[in-house]
Amino acid sequence: MPSVFSAFYLRLRAALAAGFSAAPEPIRKRKTPSAPGRGLAAALDTSRLAATALFIATVAAIVLISFAGVVNRTLAVLPNQLASVRISAAIPFSYESAEKTRAAQERLRERVPPVYRIDPEPLQRFELHLSELVASLAPYSRIEPAQRRAFLYESTAVYNARGPYRTSPEDVALLAVGENESARAQLLETGLGILRAIHAQGISDPADIGRDSGPGGLRLFQVLRPDGIVATRPVDTLEDALTYLRVNLAAEESNRARAAALYRIFREGIMPNISFDRAASLAREAEAMRDLRPVVVTVERGQTIIEPDTRVSAEQFEMLEAHRAALANTTSPIEETMRLSGRILLVLGMLAASLIYIRLEDAETLHSNSRLALLALVVIVNLALVRATYSLGSLDYFLERTTVATLLPYIAPVLIAPLIVALLIDCGSAIFMALFISIFTSVIWGGRLDLLVLNFLSSLVAIQGVHRTTRRTRILRAAFHAGITLAAGIVLLGLAERLPVLAVIKQFIAGIAATLCCGVLVVGLLPFLEHLFKRTTDITLLELTDYNHPLLRLMQLEAPGTYHHSLVVAQLSENAAAAIGANPLLARVCALFHDIGKTAKPHYFIENQHDGDNPHDDANPSLSALIIKAHVKDGVDLALRHKLPRPVIDVIQQHHGTTLIRYFYHRAIQALRRRPEPNSPLSPLLGISSESPSAQEAAVNIPEQTYRYDGPCPQFKESAIIHLADGIEAAARSLPRISPQHLGEIIDQIVRERLNDGQLDEAPLTLAELNRVKESFVHTLLNMLHGRISYPAAIGAK
């Protein structure tokens with residue numbers, strides 16, 4: 001009896017120490033740890049209805065962003081810009097062309113000759129100066145002969161100073177010396193009469209050229225007569241007028257010397273007297289314009305309005321504007337519906353191609369609405385930013401500065417979606433995303449093939465730069481390399497199109513600056529997107545490998561044995577993941593944190609028991625099993641509290657799967673087989689029958705589920721590797737001798753047991769990959785658990 005009471009007391013004390021109920025039977029099963037994401041979020045993540053709604057919303061958003069108000073015939077084309085696409089008339093239309101009418105007016109204005117008038121002022125001025133000269137010569141006959149020469153020089157100098165005259169004193173003497181005064185007056189009147197006749201005909205300036213020649217080679221002018229009528233008449237040139245003066249003076253004066261002197265005097269009166277009459281000319285032009293009707297242009301359906309790779313002229317731009325107005329007035333609802341249907345079919349085709357690619361290359365993404373939502377979000381946001389950049393071209397600033405407007409296609413942020421997808425999902429999806437964004441960017445900018453090629457090429461360079469990146473600075477470096485690629489393409493296109501050097505330099509700088517801005521934006525958005533879509537990048541994983549992380553520091557202090565075990569499992573898992581092409585960094589990080597739940601009760605785990613005291617020795621096996629299983633729930637709670645990534649939490653839940661806690665299970669069987677003292681009053685309390693069952697009967701009576709972990713089983717490759725490494729590391733330490741044969745045997749045994757137990761049924765591991773994992777385990781353990789030679793204890797002692 002005392003022994004029975006002693007056993008009962010020990011069991012009761014162990015239960016109380018562990019914080020559980022002292023009642024040995026029945027033992028209540030501990031509640032399964034709540035897995036993150038097993039609620040509404042998990043339901044939405046796999047809901048087909050949510051996926052369908054996401055697909056429809058994505059199609060609508062892409063159609064709205066890429067096509068609303070953006071088609072070739074309504075493309076925002078500016079005068080004098082280089083057209084990128086051919087724009088043809090969708091409907092026949094007619095319009096009054098202001099540009100062609102203006103050109104016709106210019107041609108008509110050139111054909112309307114200017115109107116001139118005869119200016120009498122030059123002749124009147126000459127007559128006045130000549131009469132003053134003659135009057136100044138009146139005292140000549142009364143002057144002493146010796147002083148007459150000086151008098152003539154003085155009078156001539158005064159006369160020449162009054163105008164552009166070059167009369168000599170000898171010729172002036174002709175007017176002072178004569179037979180009588182009436183003869184001289186008659187001579188002057190004859191010369192002036194000839195001058196008046198010449199001036200009445202008109203004298204033109206030699207600078208007036210381009211006039212039509214009339215009969216005899218005379219030039220014709222539109223001359224305004226004194227009565228206000230404009231008449232076409234020939235006008236003499238200076239040379240013709242001088243010839244006319246010479247001939248008529250010779251006919252009037254028989255004395256050749258006197259006739260020559262008179263010619264030299266009166267030729268000073270030959271000067272242009274035809275002047276341009278602006279008012280009369282404008283009146284003639286206005287009269288001609290009144291008869292000109294506006295030019296009407298008729299455009300047939302399919303006629304080319306703007307040719308690609310040509311400068312847009314003012315007439316082409318006017319025709320395009322008229323086409324837009326005609327479309328706005330004549331487009332029927334049926335045509336709009338057909339056009340919208342075509343755009344929707346294009347988007348559906350692109351999305352269908354995307355889904356086929358995802359199904360072939362990344363089926364996991366196709367079955368995860370969160371991943372699909374991430375893809376849809378980055379596509380829509382990226383295209384919205386591209387469309388916003390395109391819309392800047394309609395601002396007055398860019399309309400007035402066409403050179404600056406040419407930079408807009410190269411500052412469109414096309415790298416954002418490919419970089420985010422490459423970092424959060426995989427590079428294959430990112431490449432398809434880059435093609436998707438490049439195609440619709442080209443559509444927005446009017447189907448520019450050069451933009452499609454340059455954007456796709458630069459995106460590929462950026463994706464290659466962030467493949468398996470573990471540093472945020474590499475994102476900026478990849479964006480810079482993409483910018484260099486884009487800028488190089490811009491330079492080559494600029495040279496091919498013979499663009500101005502300054503414009504090419506501006507586009508070069510704009511391309512690099514835009515890609516760098518995309519890199520900075522992605523670096524800033526990455527943590528937010530990781531949290532929003534529960535994705536984890538290698539950058540975040542590398543940050544978690546810091547041994548100063550609070551949870552790792554806690555494990556070092558509270559459970560040093562568990563910490564060392566985690567380091568070994570991390571090394572095993574990392575090498576095995578690298579061997580089969582999984583994510584080594586993810587495997588390492590998850591292995592480091594997989595046993596953090598043991599820090600809650602570290603002394604209940606054998607690796608942390610250094611003083612030989614095992615609290616399980618005095619505890620009920622079922623109670624011990626509950627304590628052991630509790631480290632999974634405690635680990636999940638700690639991971640959630642410290643906001644660890646979802647894959648780490650999944651591994652904490654899955655790293656034991658639903659395996660059997662074999663040690664305590666066998667202890668329970670042995671305890672059930674142990675025969676109690678006969679007729680003991682405590683036998684019912686202890687849950688022991690009066691008869692000792694066999695081992696098989698005891699196993700049947702023990703509920704195995706009580707001694708199994710709650711799971712779930714490993715769901716992905718890295719989790720399966722850690723699941724195996726966790727058991728193999730513990731088993732390897734129990735081997736008395738480390739050799740390749742012994743390690744291979746125990747690893748094969750553990751893997752075979754896990755396969756037979758169904759622990760790897762949900763993991764996407766092939767048998768070939770499983771063999772490589774086992775080979776990696778053997779290689780790593782041999783290097784970690786290598787032997788050393790024993791050194792004599794007395795070395796160095798005296």
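Residues numbered from 1 in each chain as written. Predicted model: local features only at pLDDT ≥ 70, side-chain atom pairs only at ≥ 80, totals over all residues. Heavy atoms only, no water.

What should I look at first to understand the overall build of the protein in this one?
Per the secondary structure count, the protein includes 34 helices and nine strands. Residues counted as buried form 45% of the 798 residues belonging to the protein. For the protein, the share of sequence-separated contacts (at least 6 apart) that also reach a separation of at least 24 residues comes to 77%. Approximately 41200 Å² of the protein is accessible, and the part contributed by carbon and sulfur atoms is 58%. (Helix = DSSP H or I, 4+ residues; strand = E, 2+ residues; numbered from the N terminus. Buried < 20%, exposed > 50% of the residue type's maximum accessible area, 1.4 Å probe, protein only. Contact = heavy atoms within 4.5 Å. Areas by Shrake-Rupley, 256 points an atom, 1.4 Å probe, with all protein chains shown as cover.)

Can you walk me through the pattern of salt bridges in this structure?
A side chain of one charge can pair with a side chain of the opposite charge if their charged atoms are brought near each other. A full pass over the atoms with the stated rule returns 20 salt bridges. We note a salt bridge from Glu127 to Arg196, for which the minimum N-O separation is 3.0 Å. Within this pair, whereas Glu127 is found in helix 5 (residues 121-136), its partner Arg196 is found in helix 8 (residues 181-201), the two being separated by 69 residues in sequence. Between Asp595 and Lys598 there is a salt bridge; the shortest N-O distance is 3.2 Å. On the basis of relative accessibility, which here comes to 0%, the residue Asp595 falls in the buried class. (Salt bridge = Lys/Arg side-chain N within 4 Å of Asp/Glu carboxyl O.)

I tried to follow a nonpolar patch on the surface on my own but got confused; where do I start?
A cluster of nonpolar side chains, namely Leu377, Val381, Leu385, Leu521, Leu525, Phe528 and Leu532, defines an oily patch on the protein surface of about 550 Å² accessible area. For the nonpolar patch, the secondary-structure elements that each account for two or more residues are helix 15 (369-391) and helix 22 (501-532). It is helix 22 that contributes the most residues to the nonpolar patch, four residues altogether. Structurally, Leu377 can be placed in helix 15. (Patch = residues over 30% accessible without salt bridge, like charges linked within 9 Å, V, L, I, M, F, W, Y side chains within 5 Å.)

Just checking my understanding: could you explain the packing of helix 6 (residues 145-161) against helix 7 (residues 169-176) for this structure?
Two packed helices can be described by the angle between their axes and the distance between those axes. Across the interface, helix 6 lies against helix 7 with an axial gap of 9 Å and an inter-helix angle of 105 degrees. Taken together, helix 6 and helix 7 sit at an angle that is classed as roughly perpendicular. Of helix 7, the residues touching helix 6 (which contributes Arg149, Leu152, Tyr153 and Thr156) are Pro169, Glu170, Val172, Ala173 and Ala176. Partitioning the contact of helix 6 with helix 7 into residue classes produces six nonpolar, one polar and two charged. (Axes fitted to C-alpha atoms, helices over the stretch in contact; angles between N-to-C directions. Parallel < 35°, antiparallel > 145°, perpendicular 65-115°, else oblique. Nonpolar A, V, L, I, M, F, W, Y, C, P; charged D, E, K, R; others polar.)

How should I be thinking about the pairing of strand 8 (residues 296-299) in this particular structure?
Side chains on a regular strand alternate between the two faces of the sheet. Covered by surrounding structure in strand 8 are Val297 and Val299 only, the residues Val296 and Thr298 on the alternate face being uncovered. Inspection of the sheet shows strand 2 (residues 93-96) paired to strand 8 by four bridges, in the antiparallel sense. For Phe93, the partnering residue across the bridge sits in strand 8 and is Val299. (Pairing = 2+ DSSP bridges.)

For this particular structure, what's the right way to read unusual backbone geometry?
Negative phi characterises most residues that are not glycine, and trans characterises most peptide bonds. Residue Pro712 is bonded to the preceding Gly711 through a cis peptide linkage, with omega at 10 degrees. Within the secondary structure, Pro712 sits in the loop between helix 31 (695-701) and helix 32 (717-733). The backbone of Lys643 sits at a positive phi, close to 55 degrees, despite the residue not being glycine. Within the secondary structure, Lys643 is located in the loop between helix 27 (621-641) and helix 28 (646-654).

What is the right way to look at the nonpolar core in this model?
Nonpolar side chains in soluble globular proteins tend to end up buried together. One finds Ile62, Val347, Ile420, Met433, Phe440 and Trp445 to be the most contacted residues of the largest nonpolar core, which totals 59 residues. If you list the elements that add at least two residues to this core, you get helix 3 (48-67), helix 13 (333-361), helix 15, helix 18 (416-424), helix 19 (427-444), helix 20 (449-465), helix 21 (473-497) and helix 22. With 54 residues, the next largest nonpolar core counts Leu638, Ile722, Val751 and Leu770 among its residues. (Core = buried A, V, L, I, M, F, W, Y, C linked by side-chain atoms within 4.5 Å.)

I'm lost on the packing of aromatic side chains in this one. Help?
To describe a pair of aromatic rings, one takes the distance between the centres and the angle between the planes. Taken as a whole and judged by the stated rule, the model has 10 aromatic pairs. Note on Tyr116 and Phe276: the rings are 6.1 Å apart at their centroids and 75 degrees apart in plane angle, and the pair reads as edge-to-face. You can see Tyr116 sitting in strand 3 (residues 115-118) and its partner Phe276 sitting in strand 7 (residues 274-276), a full 160 residues away along the chain. According to the relative accessible area criterion, Phe276 is partly exposed, its value standing at 40%. Ring geometry for Tyr663 versus Phe664: centroids 5.1 Å apart, planes at 80 degrees, classification edge-to-face. Cluster of aromatic residues (ring-pair linked, three or more members): Phe126, Tyr159, Tyr165 and Phe266. In this structure, Arg148 packs its charged tip against the face of Tyr140, placed 5.1 Å from the ring centre. (Phe/Tyr/Trp six-rings, centres within 6.5 Å; stacked < 30°, edge-to-face > 60°. Lys NZ or Arg CZ within 6 Å of the ring centre and 35° of its normal.)

I'm lost on the confidence of the model for the protein in this one. Help?
Detail in the predicted coordinates should be disregarded across regions flagged by low pLDDT. Scored by pLDDT, the protein comes out at a mean of 80, with 82% of its residues at no less than 70. In the model, residues 1-37 has pLDDT below 50 throughout and makes 59 contacts with residues more than four positions away in sequence or in other chains. (pLDDT = per-residue confidence, 0-100.)

Any chance you could explain the environment of Leu242 here in plain terms?
Relative to the assigned elements, Leu242 resides in helix 9 (residues 238-252). The spatial distance from the C-alpha of Leu242 to the C-alpha of Ile198 is 9.1 Å, given a sequence separation of 44 residues. In this structure Leu242 touches Tyr263, Arg267 and Ile270, once residues within four positions along its chain are discounted.

Looking at this model, I keep getting lost on helix 9. Mind explaining?
Along an α-helix, residues three or four positions apart point the same way, because every turn accommodates 3.6 residues. Between its first and last C-alpha, helix 9 extends 21 Å over 15 residues, near the 21 Å set by a 1.5 Å rise per residue. Within helix 9 the residues assigned to the buried category are Ala241, Leu245 and Leu249. Along helix 9, the residues classed as buried sweep out an arc of 60 degrees about the axis, all on the same side. More than 90 degrees from the buried face of helix 9, the exposed residues found are Glu239, Val247 and Ala251. (Expected span 1.5 Å × (residues − 1). Arc of directions from axis to C-beta.)

Got a minute to help me understand the side chain of Asn583 in this structure?
Mapping Asn583 onto the fold places it in the loop between helix 25 (560-580) and helix 26 (584-593). Note on Asn583: relative accessible area 15%, which makes it buried. A distance of 3.1 Å separates a polar side-chain atom of Asn583 from the backbone nitrogen of Leu585. (Polar contact = N/O pair within 3.5 Å; in protein donor to acceptor, adjacent residues only side chain to side chain.)

So what exactly am I meant to see when it comes to the packing of helix 26 against helix 28 here?
Between helix 26 and helix 28, whose axes approach to 9 Å, the crossing angle comes to 55 degrees. As far as their axial angle goes, helix 28 and helix 26 are oblique. Taken as a pair, helix 26 and helix 28 cross one another with a handedness that is right-handed. Packed against helix 26, whose contacting residues are Leu586, Val589, Cys590 and Phe593, the element helix 28 presents Pro647, Val648, Val651 and Ile652 at the interface. Classifying every residue of the contact of helix 26 with helix 28 by side-chain character gives eight nonpolar, no polar and no charged. (Left-handed = near helix turned anticlockwise from the far one by under 90°.)

Would you take a moment to explain helix 18 for this structure?
Here helix 18 lies mainly inside the structure; nine of its nine residues are buried. Every buried residue of helix 18 is listed here: Ile416, Ala417, Pro418, Leu419, Ile420, Val421, Ala422, Leu423 and Leu424. In this structure, the buried side of helix 18 is in contact with helix 15, helix 19, helix 20, helix 21 and helix 22.

What is the right way to read the environment of Tyr159 from this model?
For Tyr159, the location among the structural elements is in helix 6. Sequence separation of Tyr159 and His129 is 30 residues, and the distance between their C-alpha atoms is 6.9 Å. Filtering out sequence-adjacent residues up to four positions away, Tyr159 remains in contact with Phe126, His129, Leu130, Leu133, Tyr165 and Thr167.

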